[in-house]
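# Observations on the three-dimensional arrangement
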Amino acid sequence: MLLEALDGEETVVFGAAAASVQVQVEPVGRWFEAYVKRRNRNASASFQELEEEEESSEESDDEEFQLEEYAVLRTLDPKDWKNQDHYAVLGLPHLRYKATQKQIKAAHKLIVLKHHPDKRKAAGEQIVEGDNDYFTCITKAIEVLSDPVKRRAFDSVDPTFDNAVPSKSEGKENFFDVFTAVFERNARWSSKKHVPKLGTIESSFEEVDNFYSFWYNFDSWREFSYLDEEEKEKAECRDERRWIEKQNRASRAQRKKEEMNRIRTLVDTAYSCDPRIKKFKEEEKAKKESEKKAKAEAKKREQEERERARQAELEAARLAKEKEEEEAKQAAQQAKKEKEIQKKAIKKERQKLRTTCKHWNYFADNEADSVKMMEEVEKLCDRLELTSLQSLNEVLASGSKEDSKAAVDKQVQEVNAQLQREREAEVQARQAARSAEQASGGGGGGGKGWNEEDLQLLIKAVNLFPAGTNARWEVIANYMNLHSTTGMKRTAKDVINKAKNLQRLDPLQKDEINKKAFEKFKKEHASVAPSIDNAVPSERFDASGSDGNAAPWTTEEQKLLEQALKTYPVSTPERWEKIAAAVPGRSKKDCMKRYKELVEMVKAKKAAQEQVAAKSKK
């Protein structure tokens, strides 16, 4: 700060001044404390006045200070001083841990003036020599309470402190009256100065949560060194002193653990009995229920919106489909009408062509040529389109017989040439298909050696082992190797390739194969029949009363035979007559032959499957 210039003088700056800097200052200290007190009290007073007022209040407190005489002071055992109530010895049982050092010293001064051995001896009282006098208890009391560390140790085990925890039944009846006093009593052990209050029923959620958070994380300064059973100062050696320290640490830790469990039990009991917690939980539950309900309603509305949108899309798609179907229907009707018109026109032109040709006697002089030309005219009617027919009829209507014949012959030649080209193309396609079949047949037995018997055996095996059979194509290949007369060994790959080629065959070739198979079947049965008829019939194959039916068994007949076999078991008298009666159109001989064929077929199928299974195990 610059000094104020005197009269007739000027203030001059000889150097550049530093720039001002703004500094954040935290308001602390005794002057700020005095300012806050003045502001709160709406008074204007200096700090010294406040100090003087505080000192005067302390002096007034000292003037009002009174001691309470300890009735059993004279009967105390100095050797048992550790179990005595030091506050009661000094006459401060009403103040206890709240007593100041000044009050403790004053109490000690007064008690010493009254009970000092010299005073009592002068009054004629008999004094016990040494440390056996009760005055030793007063000395031990001031020794403990004047030392902050020893006093804290004694306060931790204050014999007048109530460690009891209220039960749940007591807390539920009158929660705030019961637990408010308990928490205020236990708040003296807190390491932190500001301990939150229990509050009332009107306390907010934040206040209640802060209260229980504090007590669930309670930091207690209470320690139990005063209750040590052994004093390390009495140890005779270092090892004994270490052992005593170890024992004391263990006992202190155990008592500290029990104290924290007591505090935790107190907080848990209060939390379970607190009506505010129940109210907050109900409010939270109601809030969650409302949020859940709102969420469900929102989800329901969203689903309804999606459903409406989907229904709208379906309706639009339905209308579009109906419109498309209507347009397609109209187009089909229109096409049908046009086709009918064209069909009628073609029919008319064909009839006109036939009539004209018939008028000219089909441009022939004899009956044979006339019939041949008639066939050619019919071929023209089948092959020519409407425009060609119209052009040809115009030429026939306007020209002479020779011109008409020439026009018809020209059209016949063109149609025959077109038919010839189509036949050649078909033959080439068949040859290409056969070449592809041979090329894709694979090596070994897949591309060669497939005669009619092997093809028939393959078709039979495919029907015998349908789709779903385990290792189907290996079983079919094994079946063919067992029953083929050519001696060619087929693999599963060969069988698969040939089956695919058979599926690609045109209908004419399939019909040809089936026809050959039926002819072979008929030939075998025709050759076997006489030998059976001439042979002496056994009891099992007695052919009396029926000549036999060589026609293949239909599916219905097969089902009737299987049902009859189940209905009439082996022990049934005249079994085969009853079975034959159950299958219309079949005799006893036919049924017995078919049964034998089925048995052999099942045996062959089982043998093929067992062989494939044995190979797979190897």
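Notes on the structure in this doc start here. This one's a predicted model, so the numbers in the text were calculated from it and none came from an experiment.

We now examine unusual backbone geometry. One non-glycine residue, Tyr362, adopts positive backbone phi at about 55°. Among the structural elements, Tyr362 can be located in the loop between α12 (275-359) and α13 (367-383). In this structure, Glu574 takes a positive phi of about 50° despite not being glycine. Looking at the element boundaries, Glu574 is found in the loop between α20 (555-567) and α21 (575-582).

Before going further, it helps to spend a moment on the packing of aromatic side chains. Taken as a whole, this structure holds 19 aromatic pairs when the rule is applied. Look at Phe179 and Phe183: their rings are 6.3 Å apart centre to centre, the planes differ by 35°, and that puts the pair in the tilted class. One end of the pair is Phe179 and the other is Phe183, both in helix α9 (residues 175-186) and 4 residues apart, which spans about a single turn. You'll find Phe179 and Phe183 in the same group, each marked buried. Put simply, the rings of Phe175, Phe176, Phe179, Phe183, Phe211, Tyr212, Phe214, Trp215, Tyr216, Phe218 and Tyr271 pair up and form one aromatic cluster.

Turning next to the nonpolar core. Within the largest apolar cluster, 24 residues are counted, with the highest numbers of intra-cluster contacts made by Leu73, Leu90, Ile104 and Ile138. Of all elements in the fold, only α3 (86-89), α4 (101-115), α6 (135-145) and α7 (148-156) reach the threshold of two or more residues within this core. Of all the elements, α6 adds the most residues to this core, at 7 residues. Those residues in contact with Leu73, other than ones at most four positions away along the chain, are Val89, Ile111, His115, Tyr134 and Ile138. Counting residues in each nonpolar core, the second largest holds 23 residues, with Val208, Trp215, Cys273 and Phe280 among its members.

Once that is clear, we can look at the pattern of salt bridges. Taken as a whole, this structure holds 28 salt bridges when the rule is applied. Across the salt bridge formed by Arg188 and Asp158, the nearest N and O atoms sit 3.6 Å from each other. Placement of Arg188 in the loop between α9 and α10 (205-216) and of Asp158 in the loop between α7 and α8 (168-173) is noted, with a sequence separation of 30 residues between them. For the residue pair Arg188 and Asp158, the accessibility class agrees, reading buried in each case. Here Arg383 makes a salt bridge to Glu422, at a shortest N to O gap of 2.9 Å. Linking Arg383 in helix α13 with Glu422 in helix α15 (residues 401-439), this pair joins segments that are 39 residues apart in sequence. Glu422 gets classed as partly exposed once you look at its relative accessible area, which sits at 38%.

Our focus in this paragraph is a negative patch on the surface. A surface patch of negative charge is lined by Glu229, Glu230, Glu231, Glu233, Glu236 and Glu240. Within the secondary structure, Glu229 sits in the loop between α10 and α11 (238-273). When its relative accessible area of 71% is taken as the criterion, Glu229 is described as exposed.

What counts and how
- Each chain has its residues counted from 1, following the order in which its sequence is written.
- Given that the model is predicted, a residue must reach a pLDDT of at least 70 before its local features are reported, and side-chain atom pairs must reach 80 or more before they are shown or counted; all residues, however, enter totals for whole chains, interfaces and linings.
- Only hydrogens and water are removed before side-chain values are computed, so all heavy atoms of the structure are retained for them.
- Strands here mean DSSP runs of E at least two residues long; helices mean DSSP runs of H or I at least four residues long; both are numbered from the N terminus.
- Pairing of aromatic rings covers Phe, Tyr and Trp, the last through its six-membered ring, and needs centres within 6.5 Å; plane angles under 30 degrees mean stacked, over 60 mean edge-to-face, and all others mean tilted.
- Residue burial is assigned from relative accessible area. The probe radius is 1.4 Å, only protein chains are included, and a residue is buried under 20% of its type maximum, exposed over 50%, and partly exposed in between.
- In these notes, a set of buried Ala, Val, Leu, Ile, Met, Phe, Trp, Tyr and Cys residues joined through side-chain atoms within 4.5 Å is what counts as a nonpolar core.
- Contacts: residue pairs with any heavy atoms within 4.5 Å of one another.
- What counts as a salt bridge is simple: a side-chain nitrogen of Lys or Arg found within 4 Å of a carboxyl oxygen of Asp or Glu.
- Each patch is built from salt-bridge-free residues with over 30% relative accessible area, joining like charges within 9 Å and nonpolar side chains (Val, Leu, Ile, Met, Phe, Trp, Tyr) within 5 Å.
- With residues, only the protein chains shown are counted as cover, and all accessible areas are computed by Shrake-Rupley using a 1.4 Å probe.
- The convention is simple: Lys and Arg are positive, Asp and Glu are negative, and His and the chain ends are not counted.
- Lys charges are placed at NZ, Arg charges at CZ, Asp charges at CG and Glu charges at CD.

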